[in-house]
Amino acid sequence: MNLSEAVRAGTEYLGRAGVADAQTDARLLLEWTMGITRTEYALDPLRVMEAEKEQVYLEYIRKRGRRIPLQHLTGEQEFMGLSFHVSPDVLIPRQDTELLAEEALKALKPGMDVLDLCTGSGCILISLERLGKERKAADETNIFIGSDVSRAALKVAERNKARHQADVSFAESDLFENLEGRYDMILSNPPYIRTDVIGELEEEVRRYDPILALDGREDGLYFYREIICRAKAHLKNGGLLFFEIGYDQREAVTDLMRKNGYREIHAGKDLAGLDRIVTGRYDIS
């Protein structure tokens, strides 16, 4: 097959398998297999594939047809303009979460100590460190720490740290269990899906994302309650708390923060107009 024929065949196969954006995934898998860019594909769509490459591509297509996420096949996902390694041990970074990182970047200043709870792949923390320094919002005086209860996830985070030569550190901890000190900023994209609706999520998510990164317990608010309450002992005076939230959790999370003494509580919407983040400030009594 030539490249155009391969994408057409891949699109048809993935469409029959129920993959939502079959054509895009077929093209991306082709580019990944061939080691070419989108521009190179567009300039030479009639290039004939080597037999070995064709077989590799068709195997990728078959795996994607089984609803294995594209990112698990390529091992890569872009976030905040940076490329991150991902695996089944971590939640695949999503565009919605970039809003959390962008809002944290706006508040970041040189000298701030930053803690990222439930860090997963480390994409939020590493983006803050890299882009913070690039935008002069951070320097060598900042401390960036990410924690996660999953040792497997932390191995992925360490790999991303090395990839981006980021000046960050990671700790294995169940929320604040193994953490000391106080921070100017604590941020988290915690598990927030209600246990009873996980089975209703799209197949790629419910079968391949780690359950630890999804399950927010009975009402989806377990980790917000824990972090909001316990963060008060780990925030400096006037310290900031940033959360990603589910689209229907703004009222519940803001209410929890208000009842726990946080002020300047704000919610932010994603590009789809859905509530996506909540932030607040805590003053030590």
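Scroll up a little and you will see the structure.
Residues numbered from 1 in each chain as written. Predicted model: local features only at pLDDT ≥ 70, side-chain atom pairs only at ≥ 80, totals over all residues. Heavy atoms only, no water.

### Description of unusual backbone geometry
With a phi angle near 55°, methionine 80 is a residue other than glycine that sits in the positive phi range. Here methionine 80 is to be found in the loop between strand 1 (76–79) and strand 2 (82–85). Unusually for a residue other than glycine, cysteine 118 sits at a positive phi of about 60°. Inspection of the secondary structure assignment puts cysteine 118 in the loop between strand 3 (113–117) and helix 7 (123–134). Under the relative-accessibility criterion, cysteine 118 is labelled partly exposed at 24%. (Helix = DSSP H or I, 4+ residues; strand = E, 2+ residues; numbered from the N terminus. Buried < 20%, exposed > 50% of the residue type's maximum accessible area, 1.4 Å probe, protein only.)

### Overview of a nonpolar patch on the surface
A cluster of nonpolar side chains, Val149, Ile211 and Leu212, forms an exposed patch at the surface whose accessible area comes to about 280 Å². Mapped onto the elements, valine 149 comes out in the loop between strand 4 (143–148) and helix 8 (151–164). With a relative accessible area of 42%, valine 149 lands in the partly exposed category. (Patch = residues over 30% accessible without salt bridge, like charges linked within 9 Å, V, L, I, M, F, W, Y side chains within 5 Å. Areas by Shrake-Rupley, 256 points an atom, 1.4 Å probe, with all protein chains shown as cover. Salt bridge = Lys/Arg side-chain N within 4 Å of Asp/Glu carboxyl O.)

### Remarks on the sheet that holds strand 6 (residues 183–188)
Strand order in the open sheet made by the seven strands is 5-4-3-6-7-9-8, with mixed pairing throughout. The open sheet terminates on both sides in strands that have one partner only, identified here as strand 5 (169–172) and strand 8 (263–269). Averaged over all pairs of adjacent strands, the angle between strand axes in this sheet comes to 15°, irrespective of strand direction. Pairing of strand 3 with strand 4, which is carried by five bridges, proceeds in the parallel orientation. Bridge pairing links aspartate 113 to isoleucine 143 in strand 4. On the sheet, helix 10 (residues 222–230) packs against strand 3, strand 6 and strand 7 (235–244) and is oriented at approximately 170° with respect to strand 7. (Pairing = 2+ DSSP bridges. Axes fitted to C-alpha atoms, helices over the stretch in contact; angles between N-to-C directions. Contact = heavy atoms within 4.5 Å.)

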